[in-house]
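Spelled out, the chains give:
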Amino acid sequence: MSGTFRLAQISDTHVRADDGGVAAAHLKRALAQAKDYGADLILLTGDLVNDAGEDEYAVLAEAIADPPAPLYLMPGNHDDRGLIRRAFPQHLYLSHEGPLHFAIEHFPVRIIALDDIVPGETHGLLRRSGLEWLESMLSAERGRPTMVALHHPPFLTHDLLFDKIGLLDGEAFADVISRHRQVLRVICGHHHRVAFGQSAHAPVIVAPSTSWTYGLALNEGQQIAPITAEPSGWMLHAWTPAGGFASHFMGL
Ligand SMILES: [Fe+2]
């Protein structure tokens with residue numbers, strides 16, 4: 001690893017089995033770029049596939065078979081926990097039952113990944129169990145710089161659709177974050193566009209999708225979630241002990 005810790009956050013890949021390999025090719029392009037930028041760690045922050053299909057996870061497995069750095073998978077609302085477990089048995093950090101929360105401990109920045117999905121629903125919810133897990137994980141290591149990742153934005157984006165299908169217990173999430181100053185950043189996906197917000201003291205960064213970008217619907221009457229020509233991409237989060245985090249949008 002160089003003097004900078006580099007995390008490649010690749011989100012909302014929406015890999016499909018019936019698109020001629022387009023979404024998988026976008027993911028592979030992002031991985032190639034992450035390699036060029038010397039990523040130390042790659043985190044896929046949910047909506048790994050489009051329709052939670054077994055065949056789609058097989059396409060995903062092929063696309064990530066030779067990652068340029070350790071690669072971790074988080075679920076989004078388009079995913080199925082059981083199928084992720086079955087398709088990726090070598091990913092030993094994935095729990096055998098319940099939510100797929102995990103921590104990545106062996107890098108200069110500690111990563112806490114939360115599974116906030118609700119099977120069959122589009123919104124996110126950590127529930128008491130997820131919030132308690134987060135609290136216990138953060139309480140165990142108060143002195144280490146930490147990043148928290150989840151699929152759904154935990155703040156109000158003011159988008160007419162995405163505020164209805166965001167993290168429904170974002171206030172309770174912020175309450176936990178407020179007790180842990182070591183949380184330097186929160187990262188998420190879901191919105192398919194770059195956005196920035198706040199959870200307690202921590203800046204929140206919403207990564208774009210590698211597959212497609214949604215436009216913003218701020219006013220009543222505006223089209224909800226129109227697919228736009230804005231570039232798709234991923235986020236490179238670079239960190240040094242002295243300089244902290246800088247996050248960069250990387251267009252595909
Ligand atoms: Fe998505």
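Before reading on, note that the structure itself is shown above.
To keep things clear, this report deals only with the structure shown in the data block. Just so it is clear, the model here is predicted, and its values are computed rather than measured.

1. Some thoughts on the environment of Asp18
- Mapping Asp18 onto the fold places it in the loop between β1 (5-10) and α1 (22-36).
- For Asp18, a relative accessible area of 57% gives the class exposed.
- Sequence-wise, Asp18 and Glu56 are 38 residues apart; in three dimensions their C-alpha atoms are separated by 8.6 Å.
- At 2.9 Å, the side chain of Asp18 forms a polar contact with the side chain of Arg16.

2. Quick look at the packing of helix α4 (residues 127-140) against helix α5 (residues 170-178)
- Closest axis-to-axis distance for the α4/α5 pair is 10 Å, and the angle between their directions is 10 degrees. It follows from the interaxial angle that α4 and α5 lie roughly parallel. Between α4 and α5, the contacting residues are Leu131, Leu134, Glu135 and Leu138 on the first element and Ala172, Phe173, Val176 and Ile177 on the second.
- Looking at the contact of α4 with α5 residue by residue, the class counts come to seven nonpolar, no polar and one charged.

3. Comments concerning the packing of α1 against helix α2 (residues 54-63)
- Where α1 meets α2, the axes come as close as 10 Å, and the angle between the chain directions of the two elements is 25 degrees. The angle between α1 and α2 places the two elements in the roughly parallel class. Read as a crossing pair, α1 and α2 show a hand that is right-handed. Together, Ala24, Leu27, Lys28 and Leu31 of α1 and Val59, Leu60, Glu62 and Ala63 of α2 make up the contact between the two elements.
- Of the residues in the contact of α1 with α2, the class split is six nonpolar, no polar and two charged.

Reading the values: the criteria
- Residues take numbers from 1 onward in each chain, read along the sequence in its written order.
- The predicted nature of this model means local features are confined to residues of pLDDT at least 70 and side-chain atom pairs, given and counted, to a pLDDT of 80 or more, with totals for whole chains, interfaces and linings taken over all residues.
- For side-chain calculations, the full set of non-hydrogen atoms in the structure is used, while hydrogens and water are omitted.
- Helix and strand labels come from DSSP, where a helix needs a run of H or I of at least four residues and a strand needs a run of E of at least two; each type is numbered from the N terminus.
- Exposure classes here rest on a 1.4 Å probe applied to the protein chains alone. A residue is buried below 20% of its type maximum, exposed above 50%, and partly exposed in between.
- We define a polar contact as two N or O atoms separated by no more than 3.5 Å, with the added condition that, inside protein, one atom must be a possible hydrogen donor and the other a possible acceptor, whereas residues neighbouring each other in sequence contribute only through side-chain atom pairs.
- To define axes, lines are fitted to C-alpha atoms, for helices over the stretch in contact only, and angles between the resulting N-to-C directions are given on a 0 to 180 degree scale.
- Just so you know how the angles are binned, under 35 degrees is roughly parallel, over 145 roughly antiparallel, 65 to 115 roughly perpendicular, and the rest oblique.
- Note on contacts: a residue pair qualifies if any of its non-hydrogen atoms lie within 4.5 Å across the two residues.
- Gly is placed with the polar residues, together with every amino acid not listed as nonpolar (Ala, Val, Leu, Ile, Met, Phe, Trp, Tyr, Cys and Pro) or charged (Asp, Glu, Lys and Arg).
- Handedness of a crossing is defined here by the sense of rotation of the near helix relative to the far one, left-handed for an anticlockwise turn of less than a right angle and right-handed for a clockwise turn.

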